[in-house]
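# Analysis of the macromolecular model
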Amino acid sequence: MSEKPTTRSTVASWLQASLGAVCGVALGALLLKRWHDVAVVEAWLNARLVAAIGLADTDSIGAAVIFPLDQRWVGFLVSTGCSVALLLIPPFVLAALLVGFRRVTLTRGLVAVALAVGLLVVVNQMRLAAVVASMRLWGFEVGYQRSHVLIGSAISTVGLIAVAIVFLFLVGRGGRVRRSAGAR
């Protein structure tokens, strides 16, 4: 009977992996708990973006984006389902796990997360701007329904697929810790 004894490096590896998992889950829980704060920033950012590109004279109040339409102020609320906050959780958790299990380096994990976060924010801002454009084009009710259900879903789906591909490419290409030539 030859049992392999537990070595310090094995214990250290599992501790590192556990720490990575805990960090990822903690970041995910924090984003889940503070989603409204993220939505407030998103509304502020979208109001500035839409005004800067000349689409509408927008402003934000809390997590709402408002603008004049047909001599009245209208808008929409960046709710839990409309916020990017929940979409940010998977990249953080996955990168933390991959770094913890030493499948990718810390630098590669941080770059992948930063790029995923940036792209997810851009995609969501495009979706929110499409809501404003549609409401201005087709009116409040029809514009909101078309943009939120159809146009917004298409933008989100294509964007999420692109972000997932970029993220997986970054964490998957050559990021593994290499074994020495004699190790088996």
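Here is a short report on the structure shown in this document. (Residues numbered from 1 in each chain as written. Predicted model: local features only at pLDDT ≥ 70, side-chain atom pairs only at ≥ 80, totals over all residues. Heavy atoms only, no water.)

## What about the overall build of the protein?
The test is simple: Only DSSP runs of H or I covering at least 4 residues are called helices, and only runs of E covering at least 2 are called strands; the numbering of each starts at the N terminus. For every residue, the accessible area (1.4 Å probe, protein chains only) is compared with the maximum for its type, and the residue is labelled buried under 20%, exposed over 50%, or partly exposed between those bounds. Note on contacts: a residue pair qualifies if any of its non-hydrogen atoms lie within 4.5 Å across the two residues. Working convention for charge: Lys and Arg count positive, Asp and Glu count negative, and His plus the chain ends are omitted. Charge positions come from single atoms, namely NZ of Lys, CZ of Arg, CG of Asp or CD of Glu.
If you tally the helices and strands in the protein, you get five helices and three strands. Along the protein, helices and strands appear, N-terminal first, in the series α-α-β-β-β-α-α-α. Over its C-alpha atoms, taken along the principal directions, the protein stretches across nearly 85 × 30 × 30 Å. Here the protein, with 184 residues, has 34% of them falling under the buried criterion. In the protein, 67% of the contacts between residues at least 6 apart in sequence involve partners at least 24 apart. Measuring between centres, the 17 positive side-chain charges of the protein sit 22 Å from its 7 negative side-chain charges.

## Focus on helix H5 (residues 140-172)
Going by this rule: How far a helix is expected to stretch is found by multiplying one less than its residue total by 1.5 Å. Consider a residue and the seven residues that end there alongside the seven that start there; fitting an axis to each set, the bend is the angle between those axes.
A rise of 1.5 Å per residue sets the reference length of H5, with its 33 residues, at 48 Å; its end C-alpha atoms lie 44 Å apart and thus fit the reference within 8%. Along its length, H5 reaches its greatest deviation from straightness, about 40°, at Ser 147. Buried within H5 are the following residues: Gly 143, Ser 147, Gly 152, Ser 156, Gly 159, Val 163, Phe 167, Leu 170 and Val 171.

## Overview of the packing of helix H3 (residues 85-100) against helix H4 (residues 106-138)
Using the following cut-off: Angles here are taken between N-to-C directions and fall from 0 to 180 degrees, while the axes themselves are lines fitted to C-alpha atoms, restricted in helices to the stretch in contact. Each angle is binned into one of four classes, with values under 35 degrees roughly parallel, values over 145 roughly antiparallel, values of 65 to 115 roughly perpendicular, and all other values oblique. Residue type decides the class: Asp, Glu, Lys and Arg count as charged, Ala, Val, Leu, Ile, Met, Phe, Trp, Tyr, Cys and Pro as nonpolar, and the leftover types, Gly among them, as polar.
Running from N to C, H3 and H4 cross one another at 175°; their axes reach a closest spacing of 9 Å. The pairing of H3 with H4 is recorded here as roughly antiparallel in orientation. Along the contact surface, H3 presents Leu 87, Leu 88, Pro 91, Phe 92, Ala 95 and Val 99, while H4 presents Leu 106, Gly 109, Val 113, Ala 116, Val 117 and Leu 120. Residues belonging to the contact of H3 with H4 are distributed by class as follows: 11 nonpolar, one polar and no charged.

## Brief notes about the pattern of salt bridges
Definition in use: Salt bridge criterion: a side-chain nitrogen from Lys or Arg within 4 Å of a carboxyl oxygen from Asp or Glu.
Using the criterion set out here, one finds two salt bridges in the structure. A salt bridge links Asp 37 to Arg 34; its shortest N-O distance comes to 2.3 Å. For Asp 37, a relative accessible area of 34% translates into the label partly exposed. Overall, the relative accessible area of 43% leaves Arg 34 in the partly exposed class. One salt bridge connects Asp 59 with Arg 48, and the closest N-O pair in it is separated by 3.8 Å. A residue pair is termed long-range when its members are at least 10 positions apart, and Asp 59 in strand S1 (residues 59-61) and Arg 48 in helix H2 (residues 35-52) qualify at 11 residues.

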